[in-house]
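# Close look at the chain arrangement
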2 protein chains.
Amino acid sequence: MKDLLIVGTVAFDAIETPFSQTDKILGGAATYIGLAASHFPLRSGIVSVVGSDFPQEYIDLLKDRNIDLKGLEIVEDGKTFFWSGRYHNDMNTRDTLDTQLNVLADFQPRVPKKFRDVKVVMLGNLHPAVQLSVLEQIDNTELVVLDTMNFWIESTPDLLHKVISKVDVITINDEEARELTGEYSLVKAARKIADMGPDYVVIKKGEHGALLFYEDEMFFAPALPLEEVFDPTGAGDTFAGGFTGYLASKDNYSFEAMKNAVIYGANLASFSVEKFGTERMIDLKEADIKNRLELFNSLTQFEINLTD
Amino acid sequence: MKDLLIVGTVAFDAIETPFSQTDKILGGAATYIGLAASHFPLRSGIVSVVGSDFPQEYIDLLKDRNIDLKGLEIVEDGKTFFWSGRYHNDMNTRDTLDTQLNVLADFQPRVPKKFRDVKVVMLGNLHPAVQLSVLEQIDNTELVVLDTMNFWIESTPDLLHKVISKVDVITINDEEARELTGEYSLVKAARKIADMGPDYVVIKKGEHGALLFYEDEMFFAPALPLEEVFDPTGAGDTFAGGFTGYLASKDNYSFEAMKNAVIYGANLASFSVEKFGTERMIDLKEADIKNRLELFNSLTQFEINLTD
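Scoring rules and cut-offs
Residues numbered from 1 in each chain as written. Chains lettered and ligands numbered in written order. Predicted model: local features only at pLDDT ≥ 70, side-chain atom pairs only at ≥ 80, totals over all residues. Helix = DSSP H or I, 4+ residues; strand = E, 2+ residues; numbered from the N terminus. Rg over C-alpha atoms; globule rule 2.2 N^0.38 Å. Contact = placed C-beta atoms within 7 Å. Pairing = 2+ DSSP bridges. Axes fitted to C-alpha atoms, helices over the stretch in contact; angles between N-to-C directions. Left-handed = near helix turned anticlockwise from the far one by under 90°. Nonpolar A, V, L, I, M, F, W, Y, C, P; charged D, E, K, R; others polar. Least-squares fit on C-alpha atoms with pLDDT ≥ 70 in both. Buried ≥ 20, exposed ≤ 12 C-beta atoms within 10 Å, placed from the backbone. Expected span 1.5 Å × (residues − 1). pLDDT = per-residue confidence, 0-100.

This part covers the overall build of chain A. Scanning chain A for helices and strands turns up 11 helices and 13 strands. Here the C-alpha radius of gyration of chain A, 18 Å, is about what a compact globule of 308 residues would show, namely 19 Å. Long-range pairs, those at least 24 residues apart, make up 67% of the contacts in chain A between residues at least 6 apart in sequence.

This is the structure:
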């Protein structure tokens, strides 16, 4: 029995920013989600695949964060998924320099028996066929959250729509929401996406925060304005990890809980971008998160007396 | 004795959007500011200039909103300032099609005696020399708020810096803040602008809301996510009118009051874009504003128990 099942890539990333660059470092959607969620009291497991070139050091790092890797398939003589990108000066846009699917190309996910009875499933960005296969292998799930990207909207729209119809929550960025629906207004786009299935629609706007839509209600979590963004890689996945980590640890899926969850998502994402890759998620302390919650509080909370 | 003195253009605008277009309609920074501020209980006056082509109908409209036009110079045989622009499909960017300075070219502002003892001065977008001249003509002011634009940053930087050094609050949009300071990070830009003089720095991000900076504190007012934006013209000026209208009516210039003021600014701006030009500011009712404040409240307010 798990609180949170995470599906997504476990990868090598090579990142260039205007300020610095890395060789191959630990990356991937499931990695970022898992590390972010590890800051909540819960039992999590990852379903993913790597090659035999994936270092024991990274496996130990994830295990040390209490992430169950029984569902991490290691393909003998296979090579781990690799992504390389370069950020522009504004740190908001980037070019993909290289994508090597490697072991991801033929990945058939197998959900370990002990993961099948799980409260929350986070379907991180991956081929919709893999996401669907995972959903078919699990029971009694209380909440399924989906993340996706423009690549699947363009290349596998039918499969993607099938996944979308089966989930409770979708997290998607603003440009993708527009592409998926043909609506420029995010309010209209969210309504169209909700019509496809999900009760909750979370539209991520990067440095401009995130919008949560539920029935006729809206909630907004700002991104914390930062002096410096060091590396935006994984910010969206970290948001998803904070979001689902909070929900899985609280076992509460009300609109009020969802509001707190997007604040926690924004909170963790604001740390993620402060260092390269997963570095900041690893050295992050609970006190840091609480202090930053106070910042989110003072950033957004006001009191206007309407009877004035 | 006035609560709010407004300096800025009173103009004709011709607007094209992807959906519709207007002939010459009422526009100008001082017009939008005055109409927005007229929704608060205060005595306001405008210092500006128009030509004799400016219709009595528009003068009556402003007077009906309780705006004192003693400081509105009417130049015999002169032509009123005219601006024309076309919005792109995203409604966030626009091209200026035509700018005719007309009577604005030689404008020497004269502040009427009864306006000189004023609580709040809103220096709307205009030549910094005009803004400085107005500041030299007034006494005992409790708060001076400045708005400007990239044109003055580029063409009259020294004069602009002189005005900035004399004001308590500056409202400026994100791209202008970056241009003025050479800093991409808005947190760093705000600090540099505060070093130039203002205690409070408000950075307007259009559809992404507005940030308020004061010493080491930050506050964020989201823009209300809308189904449709009909015409963004004057949204920034309407924001400034809601902001200064609230402050002048409350006679309170604390950080807490400034937070409420940016919420009121965002509130009124969210109405302004719903119709062409000043139309929505004119038919707006107090009940609409209060209902929308409730929306801002539910959009942003959350409660996380940190001791959980």
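Now for the sheet that holds strand β12 (residues 210-214) of chain A. All names here are of chain A. Pairing within the open sheet is mixed, and its nine strands lie in the order β5-β4-β1-β8-β9-β10-β11-β12-β13. Because the sheet does not close on itself, it has two edges, and the strands there are β5 (67-75) and β13 (217-221). Across the sheet, the mean angle separating the axes of adjacent strands is 15° when strand polarity is ignored. Two elements, strand β8 (residues 118-123) and strand β9 (residues 143-147), share four bridges in a ladder whose sense is parallel.

Below, the discussion takes up the packing of helix α3 (residues 128-136) of chain B against helix α5 (residues 157-164) of chain B. Residues and elements named next belong to chain B. Where α3 meets α5, the axes come as close as 9 Å, and the angle between the chain directions of the two elements is 30°. With respect to the hand of their crossing, α3 and α5 are arranged in left-handed fashion. On α5, the residues touching P128, A129, Q131 and L132 of α3 are L159, L160, K162 and V163. Along the lines of polarity and charge, the residues of the contact of α3 with α5 split into six nonpolar, one polar and one charged.

Expressed as a screw operation, the relation of chain B to chain A combines 0.0 Å of axial shift with a rotation of 180°, fitting to an RMSD of 0.0 Å. With respect to symmetry, the two chain copies, as superposed, fit the operation of a two-fold axis. Take the interface residues of chain B: 100% of them recur as interface residues in chain A, which is what a same-surface contact looks like.

Buried residues dominate β13(A), accounting for four of its five residues. What sits between the antiparallel neighbours β12(A) and β13(A) is a turn of two residues, in which E215(A) has the positive phi angle 50°.

Tallying the contact residues gives 29 residues for chain B and 29 residues for chain A. When contributions to the side of chain B that touches chain A are tallied by element, the ones reaching two or more residues are α7 (186-195), β13 (217-221), α9 (255-272) and α11 (286-300) of chain B. Considering only residue class, the side of chain B that touches chain A consists of 16 nonpolar, six polar and seven charged.

Bringing helix α8 (residues 235-250) of chain A into the picture now. Residues and elements named next belong to chain A. Here α8 is 16 residues long and its end C-alpha atoms lie 22 Å apart, about the 22 Å a rise of 1.5 Å per residue gives. Of all 16 residues making up α8, 15 are buried, and the element is well covered by its neighbours. Two residues or fewer past α8, D251 is found with a positive phi of approximately 55°.

Looking at chain A as a whole, its pLDDT mean stands at 96, while 99% of the residues score no less than 70. Scored as a complex, the prediction yields pTM 0.95 and ipTM 0.93.

Once that is clear, we can look at the pairing of β9(A). Residues and elements named next belong to chain A. Most of β9 sits out of view: five of its five residues are buried. Every second residue of β9 is oriented toward a common face, with L143, V145 and D147 on one face and V144 and L146 on the other, all of them buried. Pairing of β9 with strand β10 (residues 169-173), which is carried by three bridges, proceeds in the parallel orientation. By the bridge assignment for β10, L146 is matched with I170.

Looking now at the environment of D53(B). Residues and elements named next belong to chain B. By the secondary structure assignment, D53 is in the loop between β4 (44-51) and α2 (56-64). Look at D53 and you get partly exposed, because 16 C-beta atoms sit within 10 Å. Between the C-alpha atom of D53 and that of T233, which follows or precedes it by 180 residues, the distance is 22 Å. Setting aside anything within four residues of it in sequence, one finds D53 in contact with K79 and T80.

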